Structure formats: structure tokens, C-alpha cells
Amino acid sequence: MDSSPLERLDAAGFLSIWQRFDADDNGYIEGKELDTFFHHLLKMLNTDSVITEEKVQKVKSRFMSAYNVTADGRLQIQELANMILPEDENFLLLFRRETPLDNSVEFMRIWRKYDADSSGFISAGELRNFLHDLFLQHKKAIPQAKLAEYTDAMMKVFDKNKDGRLDLNDLARILALQENFLLQFKMDACSTEERKRDFEKIFAHYDVSKTGALEGPEVDGFVKDMMELVKTSISGTDLDKFRQILLHHCDVNKDGKIQKSELALCLGLKI
């Protein structure tokens, strides 16, 4: 693509525009919304020019011809960002280029690591530590001033309620956490055999360490997904309270873990 105002767009600006249209944070824009998206993009970047339908279609055509559009006409955020943004401005999308987390256990491991003060939120300072480690993981050197700039931009983009800190749901968006594992099961399964079969699959999913007991982030991940079945938005404080309740009722031998047999007993199953 030849030189254009698109080159002036940075990662924070790009995400700000994108999220205006990707309201549900699923990482793509439906084909029918593309014209509106590109019109808005050009409007923000060409304040002195009249945005005509011809210009919109021209820019859209350039992008769509360079990108293998899926059969349903969806445009993914990763590929578009890679085309628009220079490499050093792709910092907000490093996590998007990785394989999305498919297990809440790993998500909670990350949450516990960076919620260093156990406040139930990720502060700006804790987010800066997360970004610092992310850059190290990608073997990228980053000056402190730039790290502070990136932290501020990321907080503005993902702090949905603008309270200066990130909650569980904000971090889930950052890490592109996949759909709740428990949604695939019928919680009201009638037969005992169905319930036992589902229980085996569920326990195996959260028992990442394969020890036959849930502990630490494994308990956290299970609790998080269970809570989200009945409450769409939960805080770190909510999670900690329910975690204690679960341990109180299920941890029969009081070792801080939930054995497979203990969880089955809590759920009214005999295994």
C-alpha cells in the first residue's frame, strides 16, 4: 500500500477504532459492518478530506485483497493490525498473535502472579510488570519510558469501567481467553451415567497437574468458570469468596486441595 494517513495510526488508536465496532470483543468484524468500519477509519485519519463511498471501497478493496477473507466475510483483528501497524506499534497485539488460552487454570495462574498484592484487581504498576515480562518473553528490549507509555495505552483500551485498574474480565480480553469450558456440558443431565461421564471430563480439564487433586490455580480456574455460569461479570474479590466457600464444603481433609473424590461427593456423585 502506498503512503497514506494510515501510517500515522498507532496501536492504541487502532484498538480504539476497532473496539468501537467489535463491541463483544470476539476479535473480528462481520462482513456487513466492514463498510462502516473503513468509513470511520478514514474519517479519523483524513480530517481535511471528504470521505466518499469511492474512497471507502478503494481502501476496503486494498485490504480485503491482501487478506484471505473467511467464507462468512469476517475480518480478523490480528491480520488487519499486522497490515496497518509498524512492528514496534504491535505491542498491544502480541497476545493476539499467540495461541489463545483455552484453560482458565493458566489464566488464573497469570492473574495470581500479577495481582501481587491480592487486591482482586490489576493495578497500573502490576500491568506494567505484566508487559515487561511479555516483552522479555518475546526477546524485545523496551525502555522504561516506552513501557510506561504502553502501560497507559493498554489501560485506556482495556479498562472498561475506567476506574484505573483491570478486573478479571478485562484481563480475559487481553489474554484472549477462549469460551468457558463448562458451557459445553448440560448441568441438568438426567442420567447418573451422563453425570459421571461429564464429571470425568471436567475434572481432567482442570486437573492440569494430573495429580488427582485440584490445587492453587486449578481450584481458581474451576471456581471462575463455575461462577460465570450464573454471573457474567465477576471480580477477583467475588472469586476469592466463592473459592473459600468451595474449599470449606469440599476440602474434607483440610489439605488446601480438592481431591477428585471430594469434589464428586460435593456434587452428589459416587465414583
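Because the structure is a prediction, the values reported are computed rather than measured.

So, the overall build of the protein chain
Argument step 1. Helices and strands together make up the secondary structure of the protein chain, namely 13 helices and four strands.
Argument step 2. When each of the 271 residues of the protein chain is scored for burial, the buried share is 46%.
Argument step 3. A sequence separation of at least 24 residues applies to 58% of the contacts in the protein chain between residues at least 6 apart.
Argument step 4. Taken as a whole, the protein chain presents about 14,600 Å² of accessible surface, with 51% of it coming from carbon and sulfur.

A few points about the state of the cysteines
Argument step 1. As enumerated under the stated definition, the model contains one disulfide in all.
Argument step 2. Paired through a disulfide, Cys250 and Cys266 show a sulfur-sulfur distance of 2.1 Å. Because the sign of the S-S torsion sets the handedness, a value of about -130° for the bond joining Cys250 and Cys266 places this disulfide among the left-handed ones. Remark: Cys266 occurs in helix H13 (residues 260-266) and Cys250 occurs in helix H12 (residues 236-250); sequence separation between them is 16 residues.

Some remarks on the pattern of salt bridges
Argument step 1. Scanning the model with the defined rule gives 13 salt bridges in all.
Argument step 2. Among the ionic pairs, Glu215 bridges to Lys257, the shortest N-O distance being 3.9 Å. Highlighted residues: Glu215 in the loop between strand E3 (213-214) and helix H11 (217-228) and Lys257 in the loop between H12 and strand E4 (258-259), separated in sequence by 42 residues.
Argument step 3. A relative accessible area of 29% places Lys257 in the partly exposed class.
Argument step 4. One salt-bridge network, in which partners are shared between bridges, spans Arg112, Asp220, Asp240 and Arg243.

As for the nonpolar core
Argument step 1. Residues Phe107, Phe130, Ile174, Leu175, Tyr206, Leu214 and Ile258 are the most contacted members of the largest nonpolar core, which totals 48 residues.
Argument step 2. Contacts of Leu214, omitting those with residues within four sequence positions, involve Phe203, Tyr206, Asp207, Val219, Phe222, Lys257, Ile258 and Leu263.
Argument step 3. In terms of nonpolar packing, the next biggest core, distinct from the first, is built from 15 residues, Ile29, Phe37, Phe38 and Phe63 among them.

Description of the packing of aromatic side chains
Argument step 1. Going through the model one piece at a time under the given rule, you end up with seven aromatic pairs.
Argument step 2. For the ring pair Phe135 and Tyr150, a centre distance of 5.9 Å and an interplane angle of 25° mean the geometry is stacked. With Phe135 in helix H7 (residues 124-137) and Tyr150 in helix H8 (residues 144-158), the pair connects residues that are 15 residues apart, well separated along the chain. Of the two residues, Phe135 and Tyr150, neither departs from the other in class, the shared state being buried.
Argument step 3. Ring centres of Phe199 and Phe203 lie 6.1 Å apart, and the angle between their planes is 35°; this geometry places the pair in the tilted category. One end of the pair, Phe199, and the other, Phe203, are both in helix H10 (residues 192-206), four residues apart, so they sit about a helical turn from each other.

Details of the side chain of Arg243
Argument step 1. Summarising the element assignment, Arg243 is placed in helix H12.
Argument step 2. Here Asp220 takes part through its side chain, which lies 2.6 Å from a polar atom of the side chain of Arg243.
Argument step 3. Those residues in contact with Arg243 that sit more than four places away from it in its chain are Arg112, Gly216, Val219, Asp220 and Val223.

Overview of the UniProt feature "domain: EF-hand" (unreviewed entry) in the protein chain
Argument step 1. Here, UniProt's "domain: EF-hand" (unreviewed entry) annotation points to residues 9-44, 102-137, 146-181, 194-229 and 237-271.
Argument step 2. Between the first and last C-alpha atoms of residues 146-181 the distance is 37 Å; the span itself is 56% helix and 0% strand.
Argument step 3. Secondary structure within residues 237-271 divides into 60% helix and 6% strand; the distance between the first and last C-alpha atoms comes to 33 Å.

Thresholds, definitions, all that
- Residues numbered from 1 in each chain as written.
- Predicted model: local features only at pLDDT ≥ 70, side-chain atom pairs only at ≥ 80, totals over all residues.
- Heavy atoms only, no water.
- Helix = DSSP H or I, 4+ residues; strand = E, 2+ residues; numbered from the N terminus.
- Buried < 20%, exposed > 50% of the residue type's maximum accessible area, 1.4 Å probe, protein only.
- Contact = heavy atoms within 4.5 Å.
- Areas by Shrake-Rupley, 256 points an atom, 1.4 Å probe, with all protein chains shown as cover.
- Disulfide = S-S within 2.5 Å.
- Salt bridge = Lys/Arg side-chain N within 4 Å of Asp/Glu carboxyl O.
- Core = buried A, V, L, I, M, F, W, Y, C linked by side-chain atoms within 4.5 Å.
- Phe/Tyr/Trp six-rings, centres within 6.5 Å; stacked < 30°, edge-to-face > 60°.
- Polar contact = N/O pair within 3.5 Å; in protein donor to acceptor, adjacent residues only side chain to side chain.
- UniProt positions renumbered as here; feature names shortened; annotations may be inferred.

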